[in-house]
Amino acid sequence: MELNEVLRFADEKVFSKTGKHLDDLQETILKEVCQGRKYAKIAQDCDRSEGYVRVAAYELWKILSDVFEEDVSRVNVKAILERAKFYTNFSPTTIGSENVTVNNHVNFCQRKVRSPSSPQNPQQTPTQPHIDLGDAPEIFTFFDRTSELSTLENWITQEHTRLIALLGISGIGKTTLSLSLIDRIKTQFDYVIYRSLRFSPTLDATLTNLLQIFSQQSEIPQSIETKISQILDYLRKYRCLIVLDDVQMLWGSGQLAGQYKTGYEDYQLFFKLIAEVCHQSCLILNSWEKPREIARLSKDNHPVRCFVLGSLGVAAKEILNSQKLSDQETWETLIDIYQGNPLWLEFTATLIQELFGGRVAEFLQCEMPILDEGLQSQLSQPFGRLTAAELAVMVHLANQPEPVAVSQIFNKIPFSPSEIVNAVRSLGNRFLLDTQEQEQITLFSLNSVVKQYVKTQT
Ligand SMILES: Nc1ncnc2c1ncn2[C@@H]1O[C@H](COP(=O)(O)OP(=O)(O)O)[C@@H](O)[C@H]1O
Ligand SMILES: [Mg+2]
């Protein structure tokens, strides 16, 4: 039987069942595998990693298994397609015309997936969510963030966003907000998981850890691509909410923001698959550096969103109240100076309590802003990662009385315009810059705390 005919037949069948045609990579894999080629060779020919092709192939076999209602694999795909085509020619209604899920060409994810290597001992959907928050900090007080919570809830439960980056400078409240979100929507999930990546686990270790939660008795597979595929299986089979915190630990220092450390690059593929592959779960990534791929993925119309967390606003008064500070009429000034950052305010409130008897007005008499040691140590984390060009931009901005455009930095520091532009963008991705538009020009500046920090360091 002509190979092209078989491929066309497979594509038609997939389309009639799912409303989606095979994409270029799937077609290539199918064609090459039918000609007896190995994954490594296919990867080489289409300029992808072998792992990427293996995962894509695994997904393809799963789709075909669903369509042809047989366990399809690399070994038998050709025979199954040829046989199905042969029978279809004689009896067009025999194969795969039921359960068509086409609706205006939208591909609906199906809850149940038949697969040759779907997880062993598949469990029934639990009636109670399985909650594993690992070493998440306990939240004792939580103020406001009402609109942030409802936006995130809406993205997850109404819009079925698969990947969310929850971003913002250290101390702004990402961990606290994500745990509060979990508490708010946990009953809508089968699995709710929180893990911090603060000790920079490899993808392999993270996947093993997640699989241990899902398949308590089963053996964890060795190969990373099988691990990824199994996780995707679970995300399809169950409605899972997974928060990975401290994702910035996957990125290195001395390079522009969001560049993976050596040995951590495969996280990028994993996040991409979470965004691209059909499933009914949501992965939230908390980070004080913006992941580069997020912008790209959201542009491609994938269900991916970015949420940049800002000031806690007047609700931060509750933090000052809980620390028993006085001079309430001055609290908003204090909150403004410390950018409504809950952690910066907590440090400062303790300082005011210890040295000024809790009197905010007296503290504000000092030349502002005073940077508590703990606050400085928080800022030292992103600063320790800056490239030479980023550092030069920061020092330049710290000495400007007014916000400046990027072009105004050219020739002021010994870096080329390209280096400066990339440095400014990277600093933005580390949430160290304030941006404003004025008469169609974008202006950059440092907030008073960051400015003061740069001055004390140089
Ligand atoms: N909405 C909030 N209400 C009360 N305290 C908060 C709130 N958000 C953050 N905090 C406090 O601020 C500190 C930093 O918050 P955290 O969530 O750890 O920040 P991040 O994860 O962004 O670094 C914590 O001590 C936390 O208790
Ligand atoms: Mg945190």
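Before any of the text, the structure's been laid out above.
Residues numbered from 1 in each chain as written. Chains lettered and ligands numbered in written order. Predicted model: local features only at pLDDT ≥ 70, side-chain atom pairs only at ≥ 80, totals over all residues. Heavy atoms only, no water.

**Thoughts on the site of ligand 1**
Residues in close proximity to ligand 1 total 16 residues, the closest being Phe143, Gly171, Lys174, Thr175 and Thr176. One of the backbone nitrogen or oxygen atoms of glycine 173 is found 2.9 Å away from an oxygen atom of ligand 1. Interatomic distance of 2.8 Å between a side-chain N/O atom of threonine 175 and an oxygen atom of ligand 1. Expressed as a share of its isolated accessible area of 560 Å², the protein-covered part of ligand 1 is 82%. Placement of ligand 1 is best described as lying within the second largest pocket. Elements represented by at least two residues in the shell around ligand 1 include exactly helix H7 (174-185) and helix H14 (342-356). Looking at the shell around ligand 1 residue by residue, the class counts come to seven nonpolar, six polar and three charged. In terms of domain composition, the shell around ligand 1 takes at least three residues from each of domain 2 (130-308) and domain 3 (314-366). (Near = heavy atom within 4 Å. Polar contact = N/O pair within 3.5 Å; in protein donor to acceptor, adjacent residues only side chain to side chain. Areas by Shrake-Rupley, 256 points an atom, 1.4 Å probe, with all protein chains shown as cover. 1 Å grid on protein atoms, 1.4 Å probe; cavity = no way out; pocket = protein on both sides within 12 Å on 5 of 7 lines; lining within 4 Å. Sits in = over half its atoms within 2 Å of the grid points. Helix = DSSP H or I, 4+ residues; strand = E, 2+ residues; numbered from the N terminus. Nonpolar A, V, L, I, M, F, W, Y, C, P; charged D, E, K, R; others polar. Domains from an automatic or database assignment.)

**Side note on unusual backbone geometry**
With an omega of -10°, the peptide bond between methionine 368 and proline 369 qualifies as cis. Relative to the helices and strands, proline 369 resides in the loop between helix H15 (360-364) and helix H16 (373-383). Not every positive phi belongs to a glycine, and histidine 160 is a case in point at roughly 50°. The backbone of serine 200 shows a phi angle near 50°, a positive value even though the residue is not glycine. By the secondary structure assignment, serine 200 is in the loop between strand E5 (191-196) and helix H8 (203-214).

This is a description of form; function is not addressed.
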